[in-house]
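Residue strings, one per chain:
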Amino acid sequence: MSEPMMEKESQSTRRVFINNIDSYSSKYIAMFLCERVVGAAVDPDDGEVETEEEERMESGALQLVGSVSDQSVQDRPHVLEEYFNLDREELLPKLMNCDVIIYNISQHSEQVEEALWVVSALHKEMAIFSGPKMFILISTVMTWARSKLVNPDDLELPFTDEIFWRRRAHPNFRQHIDLEKKVVKMGKTNRTLFSTYVVASGLQYGMGEQVFHFFFKTSWLGQKHEIPVFGDGNNILPTIHIKDLASVIKKVIEHQPKPYYLLAVDYSNNTMEEIVKTVASVLGPAKIKKKPIEEAFLIQDLSITEIDSMLVNLCMESVYLKELLSINWLCESGLVDQIELVVEEYRQTRKLLPIRLCVLGPPAVGKSTVSKLICERYKLHHITLEETISETITELENTVKNSDVDAENEDSAAEAQELLQTLKDNMEQNGGLLDDELLVKVLKDKLMSNQCRNQGFVLDGLPKTYEQAKELFSADEHESEDGTSQMSSYNRKMLPEFVLCLDASDAFLKDRVMNLPERLVQEHSYKQEQFLQQLARYRENSLEGETVVNYFDELDVAPLYLEVTSSDEPDHLLLMQRICDTVGKPRNYGPNSQEVEEEQRKRAEEKMIRESQERAQEEQREVEEARQRATCWEEWGLEEVRQQEEELLQAQSVPIRNYLLEHVMPTLTQGLIECCTAQPPDPVDFLAEFLFKNSPSDY
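Definitions and limits used
- Residues numbered from 1 in each chain as written.
- Predicted model: local features only at pLDDT ≥ 70, side-chain atom pairs only at ≥ 80, totals over all residues.
- Heavy atoms only, no water.
- Helix = DSSP H or I, 4+ residues; strand = E, 2+ residues; numbered from the N terminus.
- Buried < 20%, exposed > 50% of the residue type's maximum accessible area, 1.4 Å probe, protein only.
- Contact = heavy atoms within 4.5 Å.
- Pairing = 2+ DSSP bridges.
- 1 Å grid on protein atoms, 1.4 Å probe; cavity = no way out; pocket = protein on both sides within 12 Å on 5 of 7 lines; lining within 4 Å.
- Points joined across faces, edges and corners; volume = space filled by probe spheres on them.
- Nonpolar A, V, L, I, M, F, W, Y, C, P; charged D, E, K, R; others polar.
- Patch = residues over 30% accessible without salt bridge, like charges linked within 9 Å, V, L, I, M, F, W, Y side chains within 5 Å.
- Areas by Shrake-Rupley, 256 points an atom, 1.4 Å probe, with all protein chains shown as cover.
- Salt bridge = Lys/Arg side-chain N within 4 Å of Asp/Glu carboxyl O.
- Axes fitted to C-alpha atoms, helices over the stretch in contact; angles between N-to-C directions.
- Expected span 1.5 Å × (residues − 1).
- Arc of directions from axis to C-beta.
- Lys, Arg positive; Asp, Glu negative; His and termini not counted.
- Charge placed at Lys NZ, Arg CZ, Asp CG, Glu CD.
- Core = buried A, V, L, I, M, F, W, Y, C linked by side-chain atoms within 4.5 Å.
- Parallel < 35°, antiparallel > 145°, perpendicular 65-115°, else oblique.
- Left-handed = near helix turned anticlockwise from the far one by under 90°.
- Phe/Tyr/Trp six-rings, centres within 6.5 Å; stacked < 30°, edge-to-face > 60°.
- Lys NZ or Arg CZ within 6 Å of the ring centre and 35° of its normal.

Engineer: So, the overall build of the chain: which residues are in play, and what are the values?
Structural biologist: A count of helices and strands for the chain gives 25 helices and 24 strands. Residues counted as buried form 42% of the 699 residues belonging to the chain. A fraction of 76% describes how many contacts in the chain between residues 6 or more apart in sequence connect residues 24 or more apart.

Here you go:
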């Protein structure tokens, strides 16, 4: 590289520090600060083509460094250096080596104290600066939350950054406004050497959401109950897209405007009710319900800071952005007007992408069983023809029924009544079935519902023919730029990503039907003649030139062929393993809050039952032990009495025993010896006579 170019690069490149660069707000600010148009550009004067490197240097390249709270994540290639857990003595030299220091406290109130120390320390070191430095504090409009207009008649006039000195902070953000004042004061000493700016950010949205994430998540999950709006919902929220906030920061770095306090808000002034209702209509059930503010504090997903932010009521306008800085807005008109863009960012950033599958195969091959297993694994919606028709009729009936209460939906109620009658008449004419035109309409409405577009679906045995598939997945007509009508080949938002073709031998299918319970045979119309007709029709249709599988092949959706050889659970596990290897990991939040609460409730009930059983067993053991102790005590008492009686008898028998040993036993022993020697015919008489003759004289 030539010396002029090296000198030019050193002058244009700036080293920028951002705190908490791994958090939501700072992460995307840093990412968007690095964005710039890259490519060849033609100089209008000389017609020469600039190289990418020259264009990068002329645009003012930024070298980003920053502090992080977690070292485990390494997905920030745009960050040159990352600092983890540095003390203040280690951090200050790093900051002195930077041209721009950005401290973001809009989402991190714990960083207020550190930001105050940083700006104070840099101010003290101004004498040894190697060049001009800039300190930018990204604060929050919550420092305006208690602001009042002087004239009560001016309620329609917005707050502007021209009157920033009249702002009054929310009680929980008093430290923020004290820091703002300190930053402004530090920058007045010598602005050519150390300039300071305060950028008061509106509530940030976009790229996965932060403050509004609870409403996006609740809507995306499609829960049955309404999306809550806390309070009356009429409060105006000042907002800004996170990318637009980064554009404001970048313009401040490049142009160094004279005003040192800037409001970073878009031009929307939407109310809380408008925002939640719009999010619910695009992502979820499109129903909201106003709830007391106190209930917001019972939701674990909402922090105190987020609740305070959602309850603020400020109509604001940034005069300086409009007059001094030319911002390339992404969402100038706000969240409500740009909801489609914001929702797409939300899905892409959080990897909440739908999984769409189609399961095909002959009758009784197990399509429903496999479809249910896939839905349980990936939290998808199981689409069957009977359930879809039944749900559609129920929803139409509810719409007609609720039209008496809600007068605003009279037009939709009339349309619902007309479609409901058409469906019933068609089913009556076709023996409980729908013709292909109405069938395709019902299925298409279901697949285009918010739930199917959010999580995805599994089509169970549908579509049945090539023509049905073509009509079902075809895109609607649209007008081209020249006004001519065009028809796209297929609708990308509905077309299945994966097609699973199950198959089995006819002998296996017949044997499986014979072993099915009678209830399932009646439910699926699998009586012998009906099943054989269905199987023959399927085999015949499979040999035709235009089949459902051929339709997907034409659109480069390669089917996965799976052979079913057993109805046992191990065989299903093998099939699911192959399917999971093909489909990949789930793309959702996992269990939703209702499922988690239900699981926790079941575990709590099981724990209570288990503890109750353990207590009953413990009581039974205690009763048994008491009975055993009583028995032992009784036995021990009887044994002691017997022992005492035996000792008494032994004591009483001592004199008799002594008498016998001394006076009786010697004579008796001698008599027995004599009797044995003589061996008389009558030993008893012999012994009696011997004792009589030889008894002691005193006896």
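Let's pick the thread back up.
Engineer: Account for the pairing of strand β11 (residues 227-230), with residues named and values stated.
Structural biologist: Each regular strand carries side chains that alternate between the two faces of the sheet. Taking every second residue as pointing to the same face, both faces of β11 are buried, with Ile-227 and Val-229 on one and Pro-228 and Phe-230 on the other. Strand direction decides the pairing type here: β11 and strand β16 (residues 288-291), joined by four bridges, are parallel. Within β16, the position partnered with Pro-228 by the bridge is Lys-289.

Engineer: Outline empty space enclosed by the protein, supporting the account with residue identities and numerical values.
Structural biologist: The final tally for this structure, using the stated rule, is one cavity of 30 Å³ or more. If you add up the space inside the largest cavity, you get close to 50 Å³. Around the largest cavity sit Val-365, Gly-366, Val-370, Arg-512, Val-564, Ser-566, Ser-567, His-572 and Leu-575, which together line it. By residue class, the composition of the lining of the largest cavity is four nonpolar, four polar and one charged.

Engineer: A description of a nonpolar patch on the surface should follow, citing residues and the corresponding values.
Structural biologist: Nonpolar side chains collect at one region of the surface, where Ile-656, Tyr-659, Leu-660, Leu-661, Val-664 and Met-665 lie side by side and expose about 520 Å² of accessible area between them. Tracing the sequence through the fold places Leu-660 in helix α24 (residues 593-678). Given a relative accessible area of 36%, Leu-660 falls into the partly exposed group.

Engineer: A description of the sheet that holds strand β4 (residues 62-68) should follow, citing residues and the corresponding values.
Structural biologist: Taken in spatial order, the seven strands line up as β5-β4-β1-β6-β7-β9-β14 in an open sheet, and their pairing is parallel. Strands at the two margins of the open sheet, each flanked by one partner only, are β5 (79-84) and β14 (261-264). Each neighbouring strand pair of the sheet contributes to a mean axis angle of 20°, computed without reference to strand direction. By the bridge criterion, eight bridges tie strand β7 (residues 133-140) to strand β9 (residues 194-201) in an arrangement that is parallel. Residue pairing in the sheet places Lys-133 in a bridge with Phe-194 of β9.

Engineer: Can you tell me about helix α13 (residues 367-378), naming the residues and giving the values?
Structural biologist: Here α13 spans 16 Å end to end across 12 residues, near enough to the 16 Å set by a 1.5 Å rise per residue. Here α13 has its buried residues at Lys-367, Val-370, Ser-371, Ile-374, Cys-375 and Tyr-378. Looking down the long axis of α13, one finds its buried residues gathered within 140° of arc, a one-sided arrangement. Two residues or fewer past α13, Lys-379 is found with a positive phi of approximately 55°.

Engineer: Can you tell me about a negative patch on the surface, naming the residues and giving the values?
Structural biologist: A grouping of Asp-436, Glu-437, Glu-467, Glu-471, Glu-540, Glu-544, Glu-546, Asp-553, Glu-554 and Asp-556 is seen on the molecular surface, where their side chains present a negatively charged patch. Only α16 (436-447), α18 (466-473) and α22 (548-554) provide two or more residues apiece to the negative patch. Structurally, Glu-540 is set in helix α21 (residues 528-542). In this structure Glu-540 comes out as exposed when scored by relative accessible area, which is 54%.

Engineer: Any details on the environment of Leu-439? Residues and values, ideally.
Structural biologist: Note that Leu-439 resides in helix α16. The spacing of Leu-439 and Leu-385 is 54 residues in sequence and 8.5 Å in space, taken between C-alpha atoms. In this view, Leu-439 contacts Leu-385, Leu-434 and Gln-468; residues no more than four positions away in its chain are not counted.

Engineer: Before we move on, could you go through the nonpolar core and cite the residues and values that matter?
Structural biologist: Taken as a class, soluble globular proteins show a tendency for nonpolar side chains to be buried jointly. Among the nonpolar cores identified, the biggest contains 73 residues, and Leu-122 and Phe-135 are the most heavily contacted of them. Top element by residues in this core is helix α9 (residues 272-283). It accounts for seven residues. With sequence-adjacent residues up to four places away left out, Phe-135 is seen in contact with Ile-101, Tyr-103, Ala-115, Val-118, Val-119, Leu-122, Val-183, Phe-194, Ser-195, Thr-196 and Tyr-197. The next biggest cluster of nonpolar side chains, apart from the first, holds 37 residues, and it includes Leu-33, Ile-102, Ile-138 and Leu-325.

Engineer: Which residues make up the sheet that holds strand β20 (residues 456-460), and what values do they have?
Structural biologist: Pairing is parallel across the open sheet formed by five strands, whose spatial order is β19-β20-β18-β23-β24. Each edge of the open sheet is held by one strand with a lone partner, namely β19 (381-383) and β24 (559-563). The mean inter-strand angle of the sheet, taken between neighbouring strand axes irrespective of direction, is 20°.

Engineer: Requested: an account of the pattern of salt bridges, with residues and values cited.
Structural biologist: By the definition in use, this model includes 12 salt bridges. Where Lys-290 meets Glu-273, a salt bridge forms, and the shortest distance between an N and an O atom there is 3.4 Å. Taken together, the residues Lys-290 in strand β16 and Glu-273 in helix α9 connect sequence positions 17 residues apart. The shortest N-O distance in the salt bridge between Arg-539 and Asp-506 comes to 2.8 Å. Placement of Arg-539 in helix α21 and of Asp-506 in helix α19 (residues 506-514) is noted, with a sequence separation of 33 residues between them. Taking the relative accessible area as the measure of exposure, Asp-506 reaches 32% and is therefore partly exposed. Through salt bridges with shared partners, a single network forms among Asp-503, Asp-506 and Arg-539.

Engineer: Give a detailed account of unusual backbone geometry, specifying residues and quantitative values.
Structural biologist: Excluding glycine, residues mostly have negative phi values, and the peptide bonds linking residues are mostly trans. Cis rather than trans, the peptide bond between Leu-462 and Pro-463 has omega equal to -5°. For Pro-463, the location among the structural elements is in the loop between β20 and α18. With a phi angle near 55°, Asn-269 is a residue other than glycine that sits in the positive phi range. Here Asn-269 lies in the loop between β14 and β15 (270-271). Its relative accessible area of 28% is what places Asn-269 among the partly exposed residues.

Engineer: Talk me through the packing of α16 against α18; I want residue IDs and the actual numbers.
Structural biologist: At a minimum axis distance of 9 Å, the contact between α16 and α18 shows a crossing angle of 45°. The orientation of α16 with respect to α18, classified from their angle, is oblique. Like other packed secondary-structure pairs, α16 and α18 cross with a definite hand, here right-handed. Across the interface between the two elements, Asp-436, Leu-439, Val-440, Leu-443, Lys-444 and Leu-447 from α16 touch Gln-468, Glu-471, Leu-472 and Phe-473 from α18. Here the residues of the contact of α16 with α18 are counted per class, giving six nonpolar, one polar and three charged.

Engineer: Pulling in residues and values, what's your account of the packing of aromatic side chains?
Structural biologist: For the structure on display, the rule yields 17 aromatic pairs. Plain terms: the ring middles of Tyr-24 and Tyr-28 are 5.6 Å apart, the flat faces sit at 70° to each other, and that makes the pair edge-to-face. You can see Tyr-24 and its partner Tyr-28 sitting in helix α2 (residues 24-33), four residues apart, about one turn around the helix. Pair check on accessibility: Tyr-24 and Tyr-28 agree, each one buried. A ring pair is formed by Trp-144 and Tyr-261, whose centres lie 6.2 Å apart and whose planes are at 50°; its orientation type is tilted. Placement of Trp-144 in the loop between β7 and β8 (159-160) and of Tyr-261 in strand β14 is noted, with a sequence separation of 117 residues between them. The class for Trp-144 is buried, based on a relative accessible area of 0%. Feature note: the residues Trp-144, Phe-159, Phe-164, Tyr-260 and Tyr-261 constitute an aromatic cluster, connected by ring pairs. Here the guanidinium or amino end of Lys-217 rests over the ring plane of Tyr-589, the centre of that ring lying 4.9 Å away. If you follow Arg-377 out to its NZ or CZ, it ends over the ring of Tyr-378, 5.2 Å from the centre.

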